[in-house]
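# Architecture and fold: a report
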Amino acid sequence: MPPGLADSARQGLTLSFWADRQPDAQAIIADAGTRTFGELNARANQLARALRRRGLSTGDAVALLCPNRPEFVEAVAAGQRAGLRLTTVNWHLTADEAGYIVEDCDARAVIADRSLGDVAAEAARRARVQFGLAVGGDIPGFDPYEEALAGEDVDDIDDPTIGSTMLYTSGTTGRPKGVYRPPEAAAAIASAALASNLFGYEPGRSVHLCTGPLYHAAPLAFSLSIPLGMGASVVLMNGWEAEATLALVDQHRVTHTHLVPTMFHRLLALPEDVRAKYDLRSLRHVMHGAAPCPVPIKRAFIEWVGPIVHEYYAATEGIGTFVDSPTWLAKPGTVGQVLPPGQIIIGDDSGRPLGPNQVGLIYLKAPSSARFTYHKAQRETAAAYRGDRFTLGDVGYIDDDGYLYLTDRSADLIISGGVNIAPSEVDGVLLLHPAVGDVATIGRPSEEWGEEVLAVVQVAPGIQASPTLAAELIEFCRRRLAGYKCPRAIDFIDAVPRHDSGKLYRRVLRDRYRSADAAPGGSGVAPDGPTE
């Protein structure tokens, strides 16, 4: 790590560090504009001052609804040095869904792109925020972003205070929950990540292609914070497309990128002559995570691009393991060796450790200085921990050599295209429809998406199940939920399996639809798939 970078990271000033050393090097390249490190740092300082001028101070929360464009990065950088707590909001959400997050995170301000104006305005109204800034055009009731920055000093602020991000995760149940760590803990984690330089970034030479939306934890960390923190250039895609990915790698001589398994599948599905059009020899590191990758898909991808694929097991709540290509090829399916030993254990429901090759819940060790909490959710926080360890409900085993394998996930959580979907939220919407007597939403295996959302419905008395009703229920969801959460199919069942206590046996249905003998009779078609 270059001398002084660790101290800059602890103050939220890594951009300032690189702006001093390579001010004219490209930091951000996007359809909406470019920024050198010098320009990006200057605008981050202007925004920090503009937010403070409007009354924000250390610890205050800001919500950001913005696609992948330079202003997104400016907002992150400004929050980091002004001591603010930034929550990035999934801009595919409905106004009600986004409004819940803006209100729950206690945002005093909203920064939003003009294209999201209706959702942002309603979210700001619901949360009764102090003010809003509109990026790229007008939003009623919001101040223009550029006017807010105009006239503010571009020099580094005199009193940098480390800020933090609080991202929302669906977890396994109900409404999304904010995952919070104290700013000092987040800064220590960031400093350690830069010190390790696990993926070999070279300042001024490495170019990272960001393929996913920055409101997600993985792109925000692996495709923005870490590469920028190491002085690399970042190319932002605002919407992913397979051939466009190859074209950008070729055009910008991309050295690093982050993908999810669904992207592997779509890239491999391109015709051979299309794949051959582009020069990918600049690629040095391809990172992936967010969802398990089928062994044949990953093996084929490594055969194509070479042994440069690195996988991690992680969640918004914490990092678990890493595995490189040679190791994975020797142990297909592993997500990495547990280092140091004991950092991850396999245990039963109470957290009691199990032996090698025994399947159980995966528990990660949380350093006392970096323990996360769920915002306004003490019960959920307590339920996640067993002493100094926490579980996300994932299931797997550790082999005799200390390598972790995932065998399952929480019985509830659906991961489709790398996106977490809480089935109980879909259930809650469908139960509002008068034709639905009971419902259980599950993840059904999908070669392309890993899992796809399937709603298994028990119709209300006197209602006839039909393809027409299935289509009506899907449309009902689409008017109330983000598209990626909506069922791709509806299957009808005589009775949803429940215990006498009323507990839903979601696992029974999931196992049935994962069985080789299952032949679901779903009707209706939802959107083309998860949109991150």
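Residues numbered from 1 in each chain as written. Predicted model: local features only at pLDDT ≥ 70, side-chain atom pairs only at ≥ 80, totals over all residues. Heavy atoms only, no water.

## Digging into the overall build of the chain
Secondary structure assignment for the chain yields 18 helices and 28 strands. Taking the principal axes of the C-alpha coordinates as reference, the chain spans close to 70 × 55 × 55 Å. Counting over 532 residues, the chain shows a buried share of 58%. A separation threshold of at least 6 residues defines the contact pool for the chain, and within that pool the share at least 24 residues apart is 69%. Entry remark: accessible area of the chain is about 21,400 Å², with carbon and sulfur atoms responsible for 50%. (Helix = DSSP H or I, 4+ residues; strand = E, 2+ residues; numbered from the N terminus. Buried < 20%, exposed > 50% of the residue type's maximum accessible area, 1.4 Å probe, protein only. Contact = heavy atoms within 4.5 Å. Areas by Shrake-Rupley, 256 points an atom, 1.4 Å probe, with all protein chains shown as cover.)

## A look at the sheet that holds strand S20 (residues 373–374)
In space, the three strands of this open sheet follow the order S9-S10-S20, with antiparallel pairing throughout. Looking at which strands have only one partner, the edges of the open sheet turn out to be strand S9 (167–169) and S20. Pairing analysis gives two bridges linking strand S10 (residues 177–180) to S20, with the strands arranged antiparallel. Of the residues in S20, the one forming a bridge with Val179 is Tyr374. (Pairing = 2+ DSSP bridges.)

## A short note on the confidence of the model for the chain
Per-residue confidence for the chain averages 88 on the pLDDT scale, and 92% of its residues sit at or above 70. Note that pLDDT drops below 50 for residues 516–532; the model gives that stretch 50 contacts with residues more than four away or on any other chain. (pLDDT = per-residue confidence, 0-100.)

## Digging into the nonpolar core
Core analysis: the biggest nonpolar cluster contains 55 residues, and Ile28, Leu47, Ile111, Leu133, Leu228 and Leu236 have the highest contact counts within it. Among residues more than four places away in sequence, those in contact with Leu47 are Glu74, Ala75, Ala78, Ile111, Leu133, Tyr145 and Leu149. Counting 46 residues, the second-largest nonpolar core is a separate cluster that includes Ala124, Val419, Ile421 and Ala435. (Core = buried A, V, L, I, M, F, W, Y, C linked by side-chain atoms within 4.5 Å.)

## Focus: the pairing of strand S1 (residues 26–30)
Most of S1 sits inside the fold, with four of its five residues counted as buried. One ladder, built from four bridges, connects S1 with strand S2 (residues 33–36); its direction is antiparallel. Within the sheet, the bridge partner assigned to Ile29 lies in S2 and is Thr34. Counting the residues that bridge the hairpin from S1 to S2 gives two residues. Where S1 meets strand S12 (residues 233–236), two bridges bridge the pair, whose relative direction is parallel.

## Regarding the sheet that holds strand S27 (residues 450–459)
Read from one edge to the other, the open sheet built from three strands follows the order S26-S27-S28, with strand pairing classed as mixed. Of all the strands in the sheet, just strand S26 (436–446) and strand S28 (489–492) have a single pairing partner and so form its edges. Neighbour-to-neighbour, the strand axes of the sheet open up by a mean angle of 30°, direction not taken into account. Two strands pair when backbone bridges link them, and S26 and S27 are joined in this way by ten bridges, in the antiparallel orientation. If you follow Ser446 over to S27, its bridge partner there is Gly450. Across the sheet, helix H16 (residues 423–430) touches S26 and S27, and the angle it forms with S26 is around 145°. Here helix H17 (residues 467–478) sits on the sheet and contacts S26, S27 and S28; the angle it forms with S28, its principal contact strand, is near 130°. (Axes fitted to C-alpha atoms, helices over the stretch in contact; angles between N-to-C directions.)

## Focus: the pattern of salt bridges
This model, assessed by the stated rule, comprises 34 salt bridges. Across the pair Glu202 and Arg205 runs a salt bridge whose closest N-O atoms are separated by 3.2 Å. Using a relative accessible area of 39% as the deciding quantity, one classes Glu202 as partly exposed. A relative accessible area of 63% places Arg205 in the exposed class. What emerges from the salt-bridge pattern is a single network uniting Arg35, Arg43, Arg69, Glu71, Glu74, Asp113 and Glu146. (Salt bridge = Lys/Arg side-chain N within 4 Å of Asp/Glu carboxyl O.)

## Some remarks on the packing of aromatic side chains
Applying the stated criterion across every chain, the model contains 13 aromatic pairs. The interplanar angle of 15° and the centroid separation of 4.1 Å between the aromatic rings of Phe264 and Phe301 together place this pair among those described as stacked. On the criterion of sequence distance, the pair formed by Phe264 in helix H11 (residues 261–268) and Phe301 in helix H13 (residues 295–305) is long-range, its members being 37 residues apart. For the pair shown, Phe264 and Phe301 are each scored as buried. Seen from their ring centres, Tyr312 and Phe322 are 6.2 Å apart, and the 50° between their planes marks the pair as tilted. (Phe/Tyr/Trp six-rings, centres within 6.5 Å; stacked < 30°, edge-to-face > 60°.)

## A short note on H16
Within H16, six of the eight residues are buried, leaving the element largely enclosed by the surrounding structure. Along H16, the positions that sit buried rather than exposed are Pro423, Glu425, Val426, Asp427, Val429 and Leu430.

## Re the packing of helix H3 (residues 37–53) against helix H4 (residues 70–82)
Across the interface, H3 lies against H4 with an axial gap of 8 Å and an inter-helix angle of 60°. At the point where H3 passes H4, the crossing takes the right-handed sense. Residues Leu40, Asn41, Arg43, Ala44, Asn45, Leu47, Ala48 and Arg52 of H3 form the contact with H4, whose participating residues are Pro70, Glu71, Val73, Glu74, Ala75, Ala77, Ala78, Arg81 and Ala82. Of the residues contributing to the contact of H3 with H4, the split by class is ten nonpolar, two polar and five charged. (Left-handed = near helix turned anticlockwise from the far one by under 90°. Nonpolar A, V, L, I, M, F, W, Y, C, P; charged D, E, K, R; others polar.)

## As for the packing of H11 against H13
Angle between the axes and distance between the axes are the two parameters that describe a pair of packed helices. Across the interface, H11 lies against H13 with an axial gap of 10 Å and an inter-helix angle of 60°. Relative to H13, the element H11 lies oblique. As H11 packs across H13, the resulting crossing turns out to be left-handed. Between H11 and H13, the residues in contact are Phe264, His265, Leu267 and Leu268 and Ile297, Ala300, Phe301 and Trp304, respectively. Classifying every residue of the contact of H11 with H13 by side-chain character gives seven nonpolar, one polar and no charged. (Parallel < 35°, antiparallel > 145°, perpendicular 65-115°, else oblique.)

## Focus on the pairing of S10
Here S9 runs beside S10; their pairing, made up of three bridges, is antiparallel. Across the sheet, the residue bridging to Leu167 is Val179, located in S10.

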